[in-house]
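Reading the structure
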Amino acid sequence: MSSSTDQQFTIPPALPSILKGFARETLRAQPQDIYKFAAQYFTELHSTSSLQTQPGLAGDATANMQADLLQHFLDEDSANVGFLHRPGIVKALHAGTLALSNRQIQLAIANCNEDDEGMIDYHKESVYIAKLVLIAQGTSTQPAAPVMLRGQTKSELEAAMMRACQEADPEDTGVISCQEFKTCMQSPELTLCFKDVNLLLGNVDSVDTVDYKNVIPEAYGLLSARLADELQINEQLTSVQAISKHLLQLMEEQDAQHSGTIPLAQLVTSLQALSQACIGLNNITLACVIGHACSSGSEDVKYDVWAPAAAAMLYSMLNPAAASVRLAAAEEFKGRGESEKKRSANLQALQDCLQGAFQEADKANSGSLPTQSCAMAVLSPATDTLKLTPQESIGLRSAVLGDTVDGLNFSSERFQKLCSQLLIQMEQEEYVFSYIQAHT
């Protein structure tokens, strides 16, 4: 008579990698209550793998695609750890039996997030990737790369990327680490979103280094296509109305008192988080948006008034269809005479005024001020000669609050540079936005 221990069981293919993934996270978290941690871990894993369908997609199609993806990820995961480096994910997505288009592959790569060790939990990512590649089948094909991407031409973007990477590569080897590359792409001049960086790294063969001189020439086309797909697929970004609705929801979630207002510092943080997640606008550009939509100049922003105006400017910056009009507007602005330019006509006088504001706030004459002091310095009597509009005042404070480079304190030089750049760009953005509104 055979005992129950003699029975042969078939081990489900995904079980080893699931258990190893759990073991990995347990060792990393070192939970005091391992049972509670296990319950939370597997609940989250189940929720991310539950087959919730998108409108117009059959559940079995999503399930079949997820199963196919998982099988290819498992084939690449020879160690059965439940995680893959990005090149392994890319190789699996290129499998001929999946028959994914290049567009679907790039979309999937952009939405695969790494952990702190540069690994991707493909069980958690597989259902979302499955939905994305199926949605991409039902949308229109990608348009040609626009003449401007988030306010930058191809040459401007490439130059900014090259400057950031070369700063991290003083010996000009052309190669930096993947972590250095991520940091460079988050420089104040660039501030690419997570999906942008994911996509660029997905087109690199190495898991350790980036040959940035080869990556940069391809970046504009890749990032333009990703943003075009984001605007088609992400329901929160498909139109001015959709962006406005999303911004309102974000503000309402943070307004615990239901006051209808939100502190400026909190607004800056929220918009930066949205930008890092999927938009990829730098601090000064976001400050232009915040300032444009604030007519009162108050520290407490009425978000039901702010959101629609901010959404209109954001969409004008992101919409590929408006890129050629945006370029024409920018060129027209640059061609205006100095007498027609309020802020850039006398840069030295502008910076001298800002230096006076900084010195007035720096009572200890330390040459350094914390962020909040700098944010209030723009309201000092020293700036009276600038005749700041309420929008410019809010824009300046937003730029200071959103600038986290070099720690919390500002030097006089950094304060002058940031504020003068903001005022000059804000003047241009207002001109460009009005031009787009009139010509589209």
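Presented here is a report on the structure given in the accompanying data block.

Quick notes on the rules
- Residues numbered from 1 in each chain as written.
- Predicted model: local features only at pLDDT ≥ 70, side-chain atom pairs only at ≥ 80, totals over all residues.
- Heavy atoms only, no water.
- Helix = DSSP H or I, 4+ residues; strand = E, 2+ residues; numbered from the N terminus.
- Buried < 20%, exposed > 50% of the residue type's maximum accessible area, 1.4 Å probe, protein only.
- Contact = heavy atoms within 4.5 Å.
- Salt bridge = Lys/Arg side-chain N within 4 Å of Asp/Glu carboxyl O.
- Core = buried A, V, L, I, M, F, W, Y, C linked by side-chain atoms within 4.5 Å.

We now examine the side chain of Ser275. Examined against the element boundaries, Ser275 turns out to sit in helix H12 (residues 264–279). Residue class for Ser275 comes out buried when judged on its relative accessible area of 2%. Excluding its chain neighbours within four sequence positions, the residues that come into contact with Ser275 are Cys193, Gly280, Leu281 and Leu286.

Time to look at the pattern of salt bridges. This model, assessed by the stated rule, comprises 16 salt bridges. A salt bridge links Glu189 to Arg163; its shortest N-O distance comes to 2.3 Å. Here Glu189, found in the loop between helix H8 (178–185) and helix H9 (194–202), pairs with Arg163, found in helix H7 (residues 154–167); they are 26 residues apart in sequence, far enough to count as distant. We classify Glu189 as partly exposed; its relative accessible area is 35%. The closest approach of N and O atoms between Arg226 and Glu230, which form a salt bridge, is 2.8 Å. One end of the pair, Arg226, and the other, Glu230, are both in helix H10 (residues 212–233), 4 residues apart, so they sit about a helical turn from each other.

Looking now at unusual backbone geometry. Here Thr191, not a glycine, exhibits a phi torsion of approximately 50°, which is positive. Counting through the fold element by element, Thr191 comes out in the loop between H8 and H9. Positive phi outside glycine occurs at Asn365, with the angle close to 55°.

Inspection of the secondary structure assignment puts Phe333 in helix H15 (residues 323–334). Phe333 sits in the buried class, given a relative accessible area of 3%. Separated by 186 residues in sequence, Phe333 and Val147 have C-alpha atoms that sit 17 Å apart.

With that settled, the discussion passes to the nonpolar core. Grouped together as the largest cluster of nonpolar side chains are 109 residues, with contacts concentrated most on Leu93, Phe181, Met185, Leu200, Leu247, Trp306 and Phe415. In contact with Leu200, other than residues within four places in its own chain, are Met161, Phe181, Met185, Leu192, Val215, Ala219, Leu222 and Leu223. Membership of the second largest hydrophobic core comes to 7 residues, among which are Ala322, Ala330, Tyr435 and Ile436.

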